[in-house]
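# Structural features, examined
Listed below are the residues making up each chain.
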Amino acid sequence: MSTEEAPEPETPAGTEESSEADLFGVWDVSEISYADPSTKRYITVTPIAHTMGRHASKQFQKSQISIVERLTNRLMKTGRNAGKKQQALKIVREAFEEVNERTEENPVQVLVTAVENAAPREETVRLKYGGISVPKAVDVAPQRRVDQALKFLADGAHSDSFKTPTSASEALANQLIGAADYDLQTYAISQKEEKERVAAAAR
């Protein structure tokens, strides 16, 4: 083996391959745009959809893993899908394919836009004054906004596919497309609007 074929010691192994990798081997994640600067820091997009739980040991490190994996983890919250990550990944993969067929857009970009649109900006907390509980409107932290958006998307997909002819992947695709288009009939957007409506009344 000649010295010309040997890799340079300064170059980390797999750097070039990982930078050029695609999500699920199909979707490019290098040119994702963000419309909301407040949540950009907490919406990480990488070609890796399964990190084997390496973020679980440190608080708030979940924001450093891919938003696709975070959505996958949210789909496992229900009792029937608990712990079945490969099944959840299959649902996300098939939903992305359907999103691409229906919109002819990069489904990763559709997911990012859906999360930004479904993230509530205000919510209410309970304050006690002399034994009386009073609702008070507060701003939502950017990281919690992303958490809530993922919850709404996953809950909407579950409610639309539970005991119905609609498959889980089709229901998830409907939620992503509807949230990206800011369709008020979509579960995620309706939940966001409801939270902000209640908060506006409690100002």
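Up top is the structure.
Residues numbered from 1 in each chain as written. Predicted model: local features only at pLDDT ≥ 70, side-chain atom pairs only at ≥ 80, totals over all residues. Heavy atoms only, no water.

The grouping of Val-125, Leu-127, Tyr-129, Ile-132 and Val-134 at the surface amounts to a nonpolar patch, some 420 Å² of accessible area in total. Contributing elements (two or more residues each) for the nonpolar patch: β1 (122–129) and β2 (132–139). Element by element, the count of residues in the nonpolar patch is highest for β1, at three residues. Along the polypeptide, Leu-127 turns up in strand β1. We classify Leu-127 as partly exposed; its relative accessible area is 31%. (Patch = residues over 30% accessible without salt bridge, like charges linked within 9 Å, V, L, I, M, F, W, Y side chains within 5 Å. Areas by Shrake-Rupley, 256 points an atom, 1.4 Å probe, with all protein chains shown as cover. Salt bridge = Lys/Arg side-chain N within 4 Å of Asp/Glu carboxyl O. Helix = DSSP H or I, 4+ residues; strand = E, 2+ residues; numbered from the N terminus. Buried < 20%, exposed > 50% of the residue type's maximum accessible area, 1.4 Å probe, protein only.)

What follows deals with the nonpolar core. By size, the foremost hydrophobic cluster in this structure holds 44 residues, and its most contacted members are Ile-67, Phe-96, Leu-111, Val-115, Leu-153, Leu-172 and Leu-176. Residues contacting Leu-172, with those up to four places away along its chain left out, are Leu-71, Leu-75, Ile-91, Val-92, Ala-95, Leu-153 and Ala-157. (Core = buried A, V, L, I, M, F, W, Y, C linked by side-chain atoms within 4.5 Å. Contact = heavy atoms within 4.5 Å.)

What follows concerns the environment of Arg-70. With respect to the secondary-structure elements, Arg-70 resides in helix α2 (residues 67–75). Residue classification places Arg-70 among the buried positions, given a relative accessible area of 8%. Counting along the chain gives 20 residues from Arg-70 to His-50, while the straight-line C-alpha distance between them is 9.5 Å.

Considering only enclosed or pocket space, the largest pocket measures out at about 350 Å³ in volume. Elements with a minimum of two residues in the lining of the largest pocket: α2, α3 (85–103) and α5 (142–161). With five residues, the single largest contributor to the lining of the largest pocket is α5. Classifying every residue of the lining of the largest pocket gives six nonpolar, seven polar and five charged. Put simply, the second largest pocket is a space of about 200 Å³. Counting only elements with at least two residues in the lining of the second largest pocket, the list comes to α2 and α5. (1 Å grid on protein atoms, 1.4 Å probe; cavity = no way out; pocket = protein on both sides within 12 Å on 5 of 7 lines; lining within 4 Å. Points joined across faces, edges and corners; volume = space filled by probe spheres on them. Nonpolar A, V, L, I, M, F, W, Y, C, P; charged D, E, K, R; others polar.)

What follows is about a negative patch on the surface. On the surface, Glu-104, Glu-105, Asp-181 and Asp-183 cluster together to form a negatively charged patch. With respect to the element layout, Asp-181 can be found in the loop between α6 (168–180) and α7 (187–201). (Lys, Arg positive; Asp, Glu negative; His and termini not counted. Charge placed at Lys NZ, Arg CZ, Asp CG, Glu CD.)

This part is about the pattern of salt bridges. Counting across every chain of the model gives 11 salt bridges. A salt bridge links Lys-85 to Glu-69; the nearest nitrogen and oxygen atoms lie 2.7 Å apart. You can see Lys-85 sitting in helix α3 and its partner Glu-69 sitting in helix α2, a full 16 residues away along the chain. Each member of the pair, Lys-85 as well as Glu-69, carries the same accessibility label: buried. Here the salt bridges share partners, and the residues they tie into one network are Lys-62, Arg-70 and Asp-147.

Here Glu-196 lies in helix α7. The class of Glu-196 is buried, set by a relative accessible area of 12%. Apart from the residues within four sequence positions on either side, Glu-196 is in contact with Ala-119, Pro-120, Arg-121 and Glu-122.

Across eight bridges, β1 lies against β2 in antiparallel orientation. Each residue of the ladder has a partner; that of Glu-123, found in β2, is Val-138. A loop of two residues connects β1 with β2, the two strands running antiparallel in sequence, and Gly-130 in this loop sits at a positive phi of about 60°. (Pairing = 2+ DSSP bridges.)

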